Amino acid sequence: MPVDPAPAPEQHPLLEVLTAHGARADRLTHVRTFDARAGITADWPTWADPGVVEGYRALGVTRPWAHQVEAADAVREGRHVALATSTGSGKSLAFWLPALTAVREPAPATVLYLSPTKALAADQLAGLQRLVAAIPDGDRPRVATCDGDTPTDERRWVTEHADVVLTNPDFLHFSMLPGHRRWARLLRGLRYVVVDEGHAYRGVFGAHVSLVLRRLTRLAAHYRPTFDARLTGPPPAGDRSLAFVVASATTAEPAVSTGRLVGVPPEDVVAVTADTSPAGRRTFALWQPPELAGFERSRATGEAPTHDDDPWALPDPLDPAHTAQEAEPVLTTRGAAEHPRRSATAETADLLADLTVHGARTLAFTRSRRGAESVAQQARDHLRPVAAGLDARVASYRGGYLPEERRALEQALRTGELRGLATTNALELGVDISGLDAVLVAGWPGTRVSLWQQAGRAGRAGAEGLVAFVAREDPLDTYLVTHPEAVFDAALEATVFDPANPHVLAPQLCAAAQELALRAEDLAAFGDPLAVREVLDVLVARGALRRRPSGWYWTHAQPAAAMADLRGSGGRPVRVVEATTGRLLGTVDAGSADGQVHDGAVYVHQGATFVVDRLDLADHVALVVRKDVEHGTWSHEVMEIAIDEDGHRPVVGRDWGPVRWGLGPVEVTSQVVSFQRRRLPDMQVLGTEPLDLPSRTLATTAVWWSVPDFVLRAAGVSPEEAPGALHAAEHASIGLLPLLATCDRWDLGGVSTELHPDTGEATVFVYDAYPGGAGFAERGYALGARWLRATRDAIAACSCADGCPACVQSPKCGSDNAPLDKSAAVRLLDAVLSHAPAEPTIVR
Ligand SMILES: [Zn+2]
Ligand SMILES: [Zn+2]
């Protein structure tokens, strides 16, 4: 079914809107057009259940796309399948067709579907129910969601009758697997496990989920009827009782990450990556906000001459990635940069308003919750004078809103009642919103995989879409907006997680042992048996597990699963509640509550400001009072880092001549100690107040390099300059590591010091902001030369005189971006790199 793209005009008509008919053309650094792609269809597979095929036909799918059939065939054969194609390429048909076919066959078969959030499972259920209802005959598969919110009666029905159960990994971990006896029917018949949005399982979350899936596989094998060759003959050739289908965004190495996720070698995974669905033409613009003439002018126009909207705002925790608390708390002020640029938030708000005026339906992705609120607010302010009611057609969307509120916003955008929605990455996954006219991406979303996921919301077959990436003023964004090849032509990232992380493995082994005692022959399913055995020995020594001749047992009364926090969010989220009415406004994840909803913090919800009256850490609640204020709050954190020689892993090191590299466990201690009120929008400090909050300890993995004094002196870095040189190098290297690892700067923290007690030298540390680590520091260690070269080049290439947010300033610095010495940092990095091996080490 080839699709004819409409005769394309030379350029996307909405590009005219972006450039304001040329007036803003200088902000456009690059435009790339991606041609429309015709679709390739295939015949329905002969094995497919005719009723299910009829159902699809009734929903308007006359013929499947070729990649859907390729994947469905492999699923049908019982192979593990990695399906990695673009947003909207119809991944669900590839697994529902074989799954529902199996369910409708005489032998009992059940299917489990997992999505990273409850909301996405609910969306998937709605689509599946439409399909099931369209199956003509009466024998329709029984499909249901089951999660923590499902009432007991309904849950009983699901355990006893459902053929297809849609849930999330948390429910699997906390409820279904520990209560496996109640789920024996489902487990006995389990034929397929669908893992949707597979790329969401990265970092600590990915490591946990991979082990949850291994627990699931073990239990399914336990319940599976054994074939007794004497009675029934051997199982049919090629029939595997349980096959996994991992559907994900387009990523690198899908077979490798799928194999790691489900616990099989990559060669046992069939990867389907050729997308044969049609796509409309897509125009992709790279955009750099303009330089501001200076503080005076920006004040006159009402703009803060500051760095991007919100140094403190954290990525949205709906993204399973941990919300990193950066090492350095900070108050970002524009430093000595002589050419400050307008913030990506203000710029995106303008573009969103202009697109809204022109009737375009637009999603604006921001990097933070506060950014989403701020873009929507500013766009509404622009629209209010234009036409009555136009401002009401723009809203914000983020994690932390209540589900009803989110559903209503999604629906309003689908119907066109809303034209513009400023959102965090909460809308990046699953939610069925696509075919929009334009997508604005304010700030690099962290990975190319995420960028394309977000971009995929714009345009669909036959409809042309416009995407604009609006650079924030930071080293990575500035680099990318001027290096289009790094955006469009570089390889996509692979999904990185480490199931061998002992901080993850230990609680997962306890959970597994509680489900069924762990036997020696089970260990290989959880990783390298020797490493697993080591973790078990520690657990026995600590009294967590009991060793008996037959295996390892959990003998405590409390549930073992409670030991593991799948999302690494550091505990229960804090509820934000209006004190006078008891109304629940939203939630803040535990890890960022200290910094975001401390006493006196300003909390913004749909444009309304609230002030936190009291943060009650014991009850996980922040009581807030509605109050119009003209200031924002920025908290201040102090921190220390110590190398843990007796940690969960040995410290490893290597030398580049006198430069010493290290990788290993560290303990990072941090404490939010005070906050500042700053007047908006000019950021003038109104006052500082101390806070009385506990200190937090994070045991994680860091990469570091240290240099003796003589190297600093030889590089012409004086003792006075050293702190600024190291600090600047640390900031820029945190900014650049995401070029090499699947993380963004929020996943990392850093510390620099001219004398660290553990190394005895000047040292720069960069660590993973996850308990146990997430594999990012290891990438930095493995690719050290490439990493520091890119860091050095980014600093040296920046046209500023003394350092700016595009090179060495950090939006998260705890010491107010001081001291920073840009030129000394370049000299220092040159000296360090002069000792590097000639060829950069290429390590995959
Ligand atoms: Zn600069
Ligand atoms: Zn700093």
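As the structure is a prediction and not an experimental result, all values here were calculated from the model.

## Focus: the overall build of the chain
For step 1, the next point in the chain: For the chain, the count of helices and strands is 26 helices and 28 strands.
For step 2, the next point in the chain: Classification of the 844 residues of the chain by burial places 59% in the buried group.
For step 3, the next point in the chain: As displayed, the chain offers around 31600 Å² of accessible surface, 53% of which is attributable to carbon and sulfur atoms.

## Overview of the sheet that holds strand E14 (residues 465–470)
For step 1, the next point in the chain: With mixed pairing, the seven strands of this open sheet are ordered in space as E1-E9-E14-E13-E10-E12-E11. Every other strand in the sheet has two partners, leaving strand E1 (28–34) and strand E11 (394–397) as the edge strands with one partner each. Each adjacent strand pair in this sheet contributes to an overall mean axis angle of 15°, direction not counted.
For step 2, the next point in the chain: Sheet topology note: the strand E10 (residues 362–365)/strand E12 (residues 420–423) ladder contains four bridges and is parallel. Counterpart to Leu363 in the pairing with E12 is Leu421.
For step 3, the next point in the chain: The strands that helix H16 (residues 448–455) touches are E1, strand E9 (282–287), E10, strand E13 (438–442) and E14; relative to E9, the one it contacts most, it runs at about 125°.

## With respect to the environment of Asp768
For step 1, the next point in the chain: Inspection of the secondary structure assignment puts Asp768 in strand E28 (residues 762–768).
For step 2, the next point in the chain: C-alpha separation for the pair Asp768 and Gly749, spaced 19 residues apart in sequence, amounts to 6.5 Å.
For step 3, the next point in the chain: Setting aside residues no more than four positions away along its own chain, Asp768 makes contact with Leu698, Thr700, Thr701, Asp747, Leu748, Gly773, Ala774, Gly775, Phe776 and Ala777.

## Re the side chain of Asp747
For step 1, the next point in the chain: Inspection of the secondary structure assignment puts Asp747 in the loop between helix H23 (722–736) and strand E27 (748–753).
For step 2, the next point in the chain: Separated by 2.9 Å, the side chains of Asp747 and Tyr770 make a polar contact.

## A closer look at the confidence of the model for the chain
For step 1, the next point in the chain: Confidence in the prediction of the chain, expressed as mean pLDDT, is 85, and 89% of residues score 70 or more.
For step 2, the next point in the chain: In the model, residues 840–844 has pLDDT below 50 throughout and makes 12 contacts with residues more than four positions away in sequence or in other chains.

## Thoughts on the nonpolar core
For step 1, the next point in the chain: Counting 75 residues, the largest nonpolar core has Leu509, Leu536, Leu539, Trp661, Trp705, Val707 and Leu828 as its most contacted members.
For step 2, the next point in the chain: When near neighbours in sequence (up to four residues on either side) are disregarded, Leu828 contacts Trp705, Val707, Leu712, Ala715, Val717, Ala725 and Leu726.
For step 3, the next point in the chain: Listed in part, the 40 residues of the second largest apolar core include Ala94, Ala102, Ile135 and Val270.

## Overview of the pattern of salt bridges
A pair can form between side chains of opposite charge whenever their charged atoms are brought close.
For step 1, the next point in the chain: Following the criterion strictly, the structure yields 33 salt bridges and no others.
For step 2, the next point in the chain: Two residues, Glu105 and Arg76, come together in a salt bridge whose shortest N-O distance is 2.8 Å. With Glu105 in the loop between helix H4 (91–103) and strand E3 (110–114) and Arg76 in helix H3 (residues 66–76), the pair connects residues that are 29 residues apart, well separated along the chain.
For step 3, the next point in the chain: Given the relative accessible area of 27%, Glu105 is considered partly exposed.
For step 4, the next point in the chain: Close ionic contact of Asp830 with Arg792 constitutes a salt bridge, the shortest N to O distance being 2.7 Å. On the criterion of sequence distance, the pair formed by Asp830 in helix H26 (residues 822–833) and Arg792 in helix H25 (residues 784–797) is long-range, its members being 38 residues apart.
For step 5, the next point in the chain: By relative accessible area, Asp830 is classed as partly exposed at 35%.
For step 6, the next point in the chain: Look at Arg792 and you get partly exposed, because its relative accessible area is 23%.
For step 7, the next point in the chain: Because the salt bridges share partners, they merge into one network encompassing Arg27, Arg342, Glu347 and Asp350.

Calculation rules
Residues numbered from 1 in each chain as written. Chains lettered and ligands numbered in written order. Predicted model: local features only at pLDDT ≥ 70, side-chain atom pairs only at ≥ 80, totals over all residues. Heavy atoms only, no water. Helix = DSSP H or I, 4+ residues; strand = E, 2+ residues; numbered from the N terminus. Buried < 20%, exposed > 50% of the residue type's maximum accessible area, 1.4 Å probe, protein only. Areas by Shrake-Rupley, 256 points an atom, 1.4 Å probe, with all protein chains shown as cover. Pairing = 2+ DSSP bridges. Axes fitted to C-alpha atoms, helices over the stretch in contact; angles between N-to-C directions. Contact = heavy atoms within 4.5 Å. Polar contact = N/O pair within 3.5 Å; in protein donor to acceptor, adjacent residues only side chain to side chain. pLDDT = per-residue confidence, 0-100. Core = buried A, V, L, I, M, F, W, Y, C linked by side-chain atoms within 4.5 Å. Salt bridge = Lys/Arg side-chain N within 4 Å of Asp/Glu carboxyl O.

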